[in-house]
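Fold and geometry: a report
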Amino acid sequence: MRAHSFLFSVLGASLISAGVMTAHAAEGVFYDPTNKASSTGKTVGHELYGTIGCPGRGLLDAPCPMPKDPDSDGDGVVDSKDKCPGTPAGRKVNADGCEFDSDGDGVVDGNDKCPGTPAGRKVNADGCELDSDGDGIVDGVDKCPTVYAKTADGCPLPAAAAEPAPAPQKLALEGVNFDYDQASLRPESQSKLDEAAATLNKWGNVNVEVAGHTDSMGGDDYNMDLSQQRAEAVRNYLIGKGVAAERLTAKGYGESQPVAGNDTDEGRFKNRRVELVPQK
């Protein structure tokens, strides 16, 4: 009888020892000598089953692993360490479980339609640079970001300089005539000369000869001098109206270039004239 009792004691101790060793060796199992499920508050004897494997399993049952930390969004980072839960499936994340933002523009790579944005550039919700004026040149490159311009730098092209009006071969000052043997301007000539000054200013920087003429009355030398005086009178008037003096040259031709016959008063009146001749 004693032999049987001893045998059972040895067998029980062996089984308990094997259970304890299994409890300590198996990964994820737990062993707590202060078993609160025990009526005595400690794990002793047959109550050891309460701390091997899962509560309720037998002494030699397979151990129950500790519950694993879940990874709810399946990004490879467990929930307890995931600083960005709910990451869409298939997105690449860092050690914190947050999506990469390779260009650092604040829009994660999975949503960034313009990856590789240069540092410091402002972007929209798609991760693309802003184009405030809508001209196709992003603000980071656009030198005129508030002006619409389809140019390389986003700025309007400089306005082309207005082409000067083509200068005619000769401008006869119709209505600018002189009394016989006089170099002073007639009052009615002033309005015509005002128009002439405006025309000269439209010609740009074209130099002009103010050519004076006379009729055939009087000697050649006298008429040459008189025509020079008439040319000077017109030149001085035009300068007074804003035409640059260096553009105007006065020259008298006397009676050498008539435009009408000198045998009538009407013809001689037409010959007493001044013309503006552009110089090349």
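Everything that follows concerns the structure shown earlier in this document.
Numbers given to residues run from 1 along each chain, matching the order in which its sequence is written. Only residues with pLDDT of at least 70 get local features here, since the model is predicted, and only at 80 or more are side-chain atom pairs given and counted; chain-wide, interface and lining totals rely on the full set of residues. Water and hydrogen atoms play no part in the side-chain values, which are based on all heavy atoms of the structure.

1. Focus: the pattern of salt bridges
Basically, it comes down to this: Salt-bridge detection follows one rule: a side-chain nitrogen of Lys or Arg within 4 Å of a carboxyl oxygen of Asp or Glu. Note on classification: 1.4 Å probe, protein chains only; a residue is buried when its accessible area is under 20% of the maximum for its type, exposed when over 50%, partly exposed between these limits.
Evaluated as defined, the whole model comprises 10 salt bridges. Ionic pairing is found between Glu99 and Arg91, a salt bridge with its closest N-O pair at 2.8 Å. Among the residues examined, Arg91 registers a relative accessible area of 26% and is labelled partly exposed. Its salt-bridge partner being Arg121, residue Glu129 comes within 2.9 Å of it at the nearest N-O pair. In this structure Arg121 comes out as partly exposed when scored by relative accessible area, which is 29%.

2. Points about the sheet that holds strand β1 (residues 171-177)
The cut-off we apply is this: Note on pairing: DSSP must find at least two bridges between two strands before they are called paired. Helix and strand labels come from DSSP, where a helix needs a run of H or I of at least four residues and a strand needs a run of E of at least two; each type is numbered from the N terminus. Each axis is a line fitted through C-alpha atoms, taken for helices only over the stretch in contact, and angles between the N-to-C directions span 0 to 180 degrees. By the convention used here, residues are in contact when the closest approach between their heavy atoms is within 4.5 Å.
Strand order in the open sheet formed by four strands is β1-β4-β2-β3, and the pairing between neighbours is mixed. The outermost strands of the open sheet, each flanked by one partner alone, are β1 and β3 (248-252). Neighbour-to-neighbour, the strand axes of this sheet turn through a mean angle of 25°, independent of strand direction. Against the sheet, helix α2 (residues 189-202) engages β1, β2 (208-212), β3 and β4 (273-278), with an angle of about 160° to β1. Packed on one face of the sheet, helix α3 (residues 220-240) meets β1, β2, β3 and β4 and runs near 160° to β3.

3. Structural notes on the pairing of β3
Selection criterion: If you view a crossover with the strands going away from you and the path from the first strand over the helix to the second runs clockwise, you call it right-handed.
Of the two faces of β3, only one is covered, namely that formed by Leu248, Ala250 and Gly252; the face formed by Thr249 and Lys251 stays uncovered. Between the parallel elements β2 and β3, the chain passes through α3 in a crossover that is right-handed.

4. Description of α3
Test applied: A helix is expected to reach a length of 1.5 Å times the quantity of its residues less one.
End to end, α3 covers 31 Å across 21 residues, agreeing with the expected 30 Å (1.5 Å per residue, within 8%). The secondary structure elements touched by the buried residues of α3 are β1, α2, β2, β3 and β4.

5. Regarding the nonpolar core
In plain terms, the rule: Remark: nonpolar core denotes a set of buried residues (Ala, Val, Leu, Ile, Met, Phe, Trp, Tyr, Cys) joined through side-chain atoms within 4.5 Å.
Judged by nonpolar contacts, the single largest core of 19 residues is most densely connected at Leu173, Leu200, Val210, Val234, Leu238, Leu248 and Leu276. Mapped by element, the contributors of at least two residues to this core are β1, α2, β2, α3, β3 and β4. Those residues within four positions of Leu238 in sequence are excluded, and the remaining contacts are Leu193, Ala196, Ala197, Leu200, Val243, Leu248 and Leu276.

6. Things to note about the state of the cysteines
Note the threshold: Defined by distance alone, a disulfide is two cysteine sulfur atoms within 2.5 Å.
In total, this model carries three disulfides according to the counting rule given. Covalent S-S linkage joins Cys84 and Cys98, the inter-sulfur distance amounting to 1.8 Å. Disulfide Cys84-Cys98: torsion about the S-S bond near 80°, hence right-handed. With a gap of 14 residues between them, Cys84 in the loop between α1 (2-25) and β1 and Cys98 in the loop between α1 and β1 connect regions that are remote in the sequence. Classification of Cys84 by relative accessible area gives partly exposed; the value is 27%. Residue Cys98 is classed as buried on the basis of its relative accessible area, which comes to 16%. Residue pairing for Cys114: its cysteine sulfur links by disulfide to Cys128, the two sulfurs lying 1.8 Å apart. As the torsion about the S-S bond is roughly 80°, the Cys114-Cys128 disulfide counts as right-handed. Of this pair, Cys114 sits in the loop between α1 and β1 while Cys128 sits in the loop between α1 and β1, placing them 14 residues apart in sequence. With relative accessibility at 26%, the residue Cys114 sits in the partly exposed group.

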